[in-house]
Amino acid sequence: MTVADASLSIAAPAASAAPVGAAAGAPAPSSPCAAGDALVELKDVSFGYTKDRQILSGVTLTVPRGKLVAVMGGSGCGKTTVLRLLCGQIRAGAGEVLVGGKPVATMKRDEMYAHRRRLGMLFQFGALFTDMTVFDNVAFPMHEHTDLPDEIIRDLVLMKLNAVGLRGTAQLKPSELSGGMARRVALARTIALDPQIALYDEPFAGLDPISLSVVGQLIRRLNDALGMTSILVTHDVAESLKIVDYIYFISEGKVVAHGDVASIKASTDPFVRQFVDGEPDGPVRFHYPAKTLAEDFA
Amino acid sequence: MKPVLRILSRLGHATIGGVERLGFAARFFSAILRQSGTSVVRPQLVIKEIYQAGVLSLIIVLMSGMFIGMVLALQGYETLVRFGATESMGVLVALSLVRELGPVVAALLFASRAGSAMTAEIGLMKTTEQLSAMEVMAVDPIARVVAPRFWAGVISLPLLAALFSALGIYGGYLVGVRLIGIDGGAFWGQMQAAVDWRYDVFNGVIKSLVFAVAVSLIAVFEGYDANPTAEGVSAATTRTVVISALAILALDLMLTIFMFRGGTH
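The following refers to the structure shown.

Parameters at a glance
Residues numbered from 1 in each chain as written. Chains lettered and ligands numbered in written order. Predicted model: local features only at pLDDT ≥ 70, side-chain atom pairs only at ≥ 80, totals over all residues. Helix = DSSP H or I, 4+ residues; strand = E, 2+ residues; numbered from the N terminus. Buried ≥ 20, exposed ≤ 12 C-beta atoms within 10 Å, placed from the backbone. Contact = placed C-beta atoms within 7 Å. Core = buried A, V, L, I, M, F, W, Y, C linked by C-beta atoms within 7 Å. Pairing = 2+ DSSP bridges. Expected span 1.5 Å × (residues − 1). Axes fitted to C-alpha atoms, helices over the stretch in contact; angles between N-to-C directions. Parallel < 35°, antiparallel > 145°, perpendicular 65-115°, else oblique. Left-handed = near helix turned anticlockwise from the far one by under 90°. Nonpolar A, V, L, I, M, F, W, Y, C, P; charged D, E, K, R; others polar.

Comments concerning the overall build of chain A
When its secondary structure is counted, chain A shows twelve helices and ten strands. Counting all 298 residues of chain A, 45% fall into the buried class. For chain A, the proportion of contacts with a sequence separation of at least 24, taken over those separated by at least 6, is 69%.

A few points about the nonpolar core
In this structure, Leu86 and Phe249 of chain A together with Ala106 and Val215 of chain B are the most contacted members of the largest nonpolar core, which totals 144 residues. Excluding its chain neighbours within four sequence positions, the residues that come into contact with Ala106 of chain B are Val61, Leu157, Leu160, Ala161, Phe164 and Ser208 of chain B.

Observations concerning the sheet that holds strand S5 (residues 102–103) of chain A
Residues and elements named next belong to chain A. The strand order across the open sheet built from four strands is S2-S1-S4-S5, with neighbouring strands paired in antiparallel fashion. Because the sheet does not close on itself, it has two edges, and the strands there are strand S2 (56–64) and S5. Both strand S4 (residues 94–99) and S5 contribute to a ladder of two bridges, which runs antiparallel. Looking across to S5, one finds that Leu98 is bridged to Pro103.

Some remarks on the environment of Leu157 of chain B
With respect to the secondary-structure elements, Leu157 of chain B resides in helix H7 (residues 141–180). Taking the C-alpha atoms as reference, Leu157 of chain B lies 9.5 Å from Ala111 of chain B; in sequence the two are 46 residues apart.

Overview of helix H1 (residues 3–34) of chain B
Its 32 residues place the ends of H1 of chain B 46 Å apart at the C-alpha level, agreeing with the 46 Å of an ideal helix rising 1.5 Å per residue. The buried fraction of H1 of chain B amounts to one of the 32 residues, a small share that puts the element mostly on the outside.

Description of the packing of helix H5 (residues 89–127) of chain B against helix H10 (residues 230–259) of chain B
In a packed pair of helices, the relevant descriptors are the angle between the two axes and the axis-to-axis distance. Residue and element names in this part refer to chain B. Close contact between H5 and H10 brings their axes to 8 Å; oriented N to C, the two are set at 150°. Between H5 and H10, the crossing angle belongs to the class labelled roughly antiparallel. Crossing angle aside, the handedness with which H5 passes H10 is right-handed. Across the interface between the two elements, Val104, Ala107, Leu108, Ala111, Ser112, Gly115, Ser116, Thr119, Ala120, Gly123, Leu124 and Thr127 of H5 pack against Gly232, Val233, Ala236, Thr237, Thr240, Val241, Ser244, Ala245, Ile248 and Asp252 of H10. Within the contact of H5 with H10, the residues separate by chemical class into eleven nonpolar, ten polar and one charged.

Considerations on helix H3 (residues 79–87) of chain A
All names here are of chain A. Of all nine residues in H3, eight are buried, a share of seventy percent or more. All of the buried residues in H3 are Lys79, Thr81, Val82, Leu83, Arg84, Leu85, Leu86 and Cys87. Phi turns positive one or two residues past the end of H3, at Gly88, with a value near 80°.

A look at the interface of chain A and chain B
The interface is formed by 14 residues belonging to chain A together with ten residues belonging to chain B. Of all the elements in the fold, those that place two or more residues in the side of chain A that touches chain B are helix H4 (109–117), strand S6 (119–122) and helix H5 (134–145) of chain A.

What about the pairing of strand S3 (residues 68–72) of chain A?
Residues and elements named next belong to chain A. The buried count for S3 comes to five of five residues, which makes it a mostly enclosed element. In S3, alternate side chains face the same way, and those of Leu68, Ala70 and Met72 on one face and Val69 and Val71 on the other are all buried. When S3 meets strand S8 (residues 229–234), the two strands line up parallel, connected through five bridges. Note that in S8 the partner of Val69 across the bridge is Ile231.

Overview of the sheet that holds S3 of chain A
One key point about sheets: their strands pair by backbone hydrogen bonds, in either a parallel or an antiparallel sense. Residues and elements named next belong to chain A. As summarised here, the arrangement of the six strands in space is S6-S7-S8-S3-S9-S10, forming an open sheet in which the pairing is mixed. Of all the strands in the sheet, just S6 and strand S10 (254–260) have a single pairing partner and so form its edges. Taking each pair of neighbouring strands and ignoring which way they run, the sheet shows an average axis angle of 15°. Looking at chain direction, S6 and strand S7 (residues 197–201) are connected through four bridges and run parallel. Looking at the pairing, Leu119 lines up with Ile197 of S7. Across the sheet, H3 lies against S3, S6, S7, S8 and strand S9 (246–251), angled at about 145° from S8, the strand it touches most.

Set out below in structure tokens:
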């Protein structure tokens with residue numbers, strides 16, 4: 001339904017944003033990847049649920065193999081839409097979404113399922129199956145996609161839970177976990193089948209500082225240990241700058257800046273500065289468009 | 001826009017929306033049938049749902065069956081005694097239950113108890129992105145979540161209807177024979193002679209099977225199509241009960257016309 005019924009619209013592709021280093025007059029940051037090393041590519045991608053409202057307009061971004069790349073921006077700027085395009089849950093109205101060089105939009109059902117088996121996605125609120133225990137949640141992809149004996153699955157699940165520090169919660173229900181613990185269990189489920197690509201949708205939202213730091217470090221360590229390629233969608237600048245290799249900033253459906261961590265930190269680009277410093281005023285408006293205060297309170 | 005045009009426009013919009021939804025429901029039904037292989041290969045998925053939909057509905061169905069059988073016996077006695085035909089009470093109770101009340105009332109109870117629960121569960125799974133998570137894990141939610149619930153409903157309801165009728169007849173026996181004092185031999189004997197296996201019992205089973213398909217389809221469809229909000233799930237649950245009740249009564253009329261036609265076997 002979501003795919004078939006979504007009304008797609010086509011928007012004119014926007015010009016690609018310059019790397020922040022170049023925009024700031026500093027030495028240009030290195031490209032996120034060398035030619036031919038890209039595992040995920042979005043080329044001039046546009047998408048909208050209705051013709052009137054474009055979510056993405058001409059987005060171009062590249063994710064190199066083995067890297068951890070953050071897609072950042074304010075709420076509702078189209079970050080999660082990028083992940084949904086990569087999963088094939090929605091299809092771009094214009095442009096190309098390539099994973100491993102293959103266009104996602106033209107994949108047939110079997111190809112799409114094979115593609116999704118190479119992905120692991122952490123949903124914003126975990127999306128744990130509430131009728132199953134923590135153990136069964138992590139074992140779910142293994143039961144569905146492998147013929148492994150139960151004893152092996154048991155050991156694998158406990159290893160995954162151990163990696164996120166929650167082996168002791170195996171027999172609990174998701175309703176018995178805190179928000180941070182549920183996110184870590186969801187993380188264990190995301191990596192259950194050692195995916196080639198891991199997608200994280202707002203993994204830091206609503207976490208306390210300790211859980212936030214733990215989850216951030218886990219994402220980095222898992223990426224390196226399992227040799228994955230990871231895309232992290234978030235608006236948490238501070239934590240992201242500690243763990244990612246490269247950052248894309250999206251605003252109003254367009255990539256407005258991108259660069260590696262050093263160039264982002266050094267950037268004088270007004271958008272990047274507003275985001276990094278958390279300024280209320282700048283290129284991104286805090287207030288949703290409305291009448292003036294004088295008109296509303298007259 | 002003039003008021004008449006506005007009314008016509010709304011009517012047209014509602015009609016197109018209704019037809020569109022009906023078409024989507026038909027496609028959804030065909031998807032369930034196509035994706036039912038998982039339910040055959042992994043019957044434990046269906047068995048788990050039979051427990052949820054069928055076993056947990058037992059109490060309400062059995063109690064209702066017993067009460068309705070008792071009321072039928074009391075009301076029937078009032079009429080039969082005027083014609084000196086109280087020995088026919090067994091026939092009256094059995095035919096009323098097996099042909100009509102068993103399948104219909106059990107289906108109405110099933111829609112309220114299990115159908116609404118199925119809708120709410122699937123709707124909440126959609127709201128909390130559990131269905132999306134399955135999709136992204138390359139697991140078809142129709143095969144893994146919807147089809148097992150649908151088949152559990154299709155299997156459970158005819159069995160519940162049979163138990164409803166059985167308990168109803170026993171309730172009629174308690175009131176007619178034990179309370180009022182009708183001869184037990186006449187009660188059971190006349191019932192045995194008048195109730196035909198194929199014409200009465202089998203047609204009742206067919207009815208409950210048709211109701212089971214209708215109610216289960218409505219329940220899983222409404223859950224899957226629910227707006228992913230608290231309000232959307234609540235509205236979908238209400239629609240399940242209302243549409244199921246109307247569908248059961250309309251289908252009952254049609255099936256009764258085809259099966260019994262007011263004649264005798």
